[in-house]
Amino acid sequence: MRLNLNEILEVPGGKLSFRCELDEERLTMPSVAGFSEPPYAEGEVKNSAGALTLTGVIHADMTRVCDRCLCEYGQQLELPVEAKLSATLEDEDDADIYPIAGDGSIDLSDILESSFVLDFDVKSLCKEDCAGLCEHCGANLNEGRCSCKPQTDPRLAVLGQLLDIE
Ligand SMILES: [Zn+2]
Ligand SMILES: [Zn+2]
């Protein structure tokens, strides 16, 4: 979706609000199994003394996969977005500044999807203290201990042998 900024481009104090649906395909992340609802963003572009800034929030209702126990859990993410916009070429090297096209429009979807990918917290835990899976039998340790015996750390075993010799 493109947003035409012509009505605020030359108007200090001018504001333009937006609501934009995002393309799930472009928000694909390793720990995201799917979206329960189409992700979208709401916000505004404001002209502050000639400098244009986009602010908003991306709403994503997702099914995620826990890094430790591999279970699926729901997460409702509200990710704040802030981006500077500029029509001048000299700012092109600055990755934080998005270009305004010659016709006064911006590629809103691209800005929002890039921000999502950059700011997304890839760490995925079903809960802070997720116990994960047993590395031997694969049991989910959140559901109770499995019957595997506690393993001795191999480094400690070596140390034990050394102590035996002495
Ligand atoms: Zn987990
Ligand atoms: Zn086990």
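Everything numeric in this text was worked out from a predicted model, so none of it was measured.

Caption draft 1: Layout of the pairing of strand β6 (residues 72-86). The pairing of strand β5 (residues 51-65) with β6 spans 14 bridges and is antiparallel. When the sheet's bridge partners are listed, Ala 60 is paired in β6 with Leu 77. Linking two consecutive strands that pair antiparallel, namely β5 and β6, is a turn of six residues; a positive phi of about 65 degrees is found at Leu 70 within it. For β6 and strand β7 (residues 97-99), the ladder comprises three bridges, and the chain directions are parallel. For Lys 84, the partnering residue across the bridge sits in β7 and is Ile 97.

Caption draft 2: Local environment of helix α2 (residues 108-119). For α2, which comprises twelve residues, the first-to-last C-alpha distance of 16 Å matches the rise-based estimate of 16 Å (1.5 Å per residue) to within 8%. Turning to α2, its buried residues are Leu 108, Ser 109, Ile 111, Leu 112, Glu 113, Ser 115 and Phe 116.

Caption draft 3: How the structure looks around the coordination of the zinc ion (ligand 2). Bound to the zinc ion (ligand 2) are the protein donor atoms Cys 134 (SG), Cys 137 (SG), Cys 146 (SG) and Cys 148 (SG), situated 2.3 Å from the metal. In primary sequence terms, the donor set of the zinc ion (ligand 2) follows C-x2-C-x8-C-x1-C. Residue classification places Cys 137 among the partly exposed positions, given a relative accessible area of 45%. With a relative accessible area of 16%, Cys 146 lands in the buried category.

Caption draft 4: Spatial organisation of the pattern of salt bridges. Scanning the entire structure with this criterion turns up three salt bridges. Close ionic contact of Asp 110 with Arg 26 constitutes a salt bridge, the shortest N to O distance being 3.4 Å. With Asp 110 in helix α2 and Arg 26 in the loop between β2 (15-21) and β3 (32-35), the pair connects residues that are 84 residues apart, well separated along the chain. We classify Asp 110 as partly exposed; its relative accessible area is 27%.

Caption draft 5: A look at the coordination of the zinc ion (ligand 1). Binding of the zinc ion (ligand 1) to the protein goes through Cys 66 (SG), Cys 69 (SG), Cys 126 (SG) and Cys 130 (SG), at separations of 2.3 to 2.4 Å. Because the angles between the four donor atoms bound to the zinc ion (ligand 1) fall within 108 to 114 degrees, the donor set is best described as tetrahedral. Along the chain, the residues that donate to the zinc ion (ligand 1) are spaced as C-x2-C-x56-C-x3-C. Here Cys 130 lies in the loop between α2 and α3 (154-165) and Cys 66 lies in the loop between β5 and β6, a separation of 64 residues in the sequence. Of the two residues, Cys 66 and Cys 130, both sit in the buried class.

Caption draft 6: Here's a closer look at the nonpolar core. Core analysis: the biggest nonpolar cluster contains 31 residues, and Leu 5, Val 45, Leu 54, Leu 85, Ile 106 and Phe 116 have the highest contact counts within it. When contributions to this core are tallied by element, the ones reaching two or more residues are β2, β3, β4 (40-48), β5, β6 and α2. Non-local contacts of Leu 54, meaning those with residues more than four positions away in its chain, are made with Phe 18, Glu 44, Val 45, Val 81, Glu 82, Ala 83, Leu 85, Ile 106, Leu 108, Ile 111 and Leu 112. Grouped together as the second largest cluster of nonpolar side chains are five residues, Cys 66, Cys 69, Tyr 73 and Leu 125 included.

Caption draft 7: Focus on the side chain of Ser 31. Looking at where Ser 31 falls in the secondary structure, it is placed in the loop between β2 and β3. Ignoring any residue separated from it by four or fewer positions in sequence, one finds Ser 31 in contact with Thr 63, Arg 64, Val 65, Asp 67, Phe 120, Val 122 and Ser 124.

Parameters at a glance
- Residues numbered from 1 in each chain as written.
- Chains lettered and ligands numbered in written order.
- Predicted model: local features only at pLDDT ≥ 70, side-chain atom pairs only at ≥ 80, totals over all residues.
- Heavy atoms only, no water.
- Pairing = 2+ DSSP bridges.
- Helix = DSSP H or I, 4+ residues; strand = E, 2+ residues; numbered from the N terminus.
- Expected span 1.5 Å × (residues − 1).
- Buried < 20%, exposed > 50% of the residue type's maximum accessible area, 1.4 Å probe, protein only.
- Donors = N, O, S within 2.8 Å, 3.2 Å for Na, K, Ca; no water.
- Salt bridge = Lys/Arg side-chain N within 4 Å of Asp/Glu carboxyl O.
- Tetrahedral: all angles 85-135°; square planar, octahedral: opposite > 155°, others 65-115°.
- Core = buried A, V, L, I, M, F, W, Y, C linked by side-chain atoms within 4.5 Å.
- Contact = heavy atoms within 4.5 Å.

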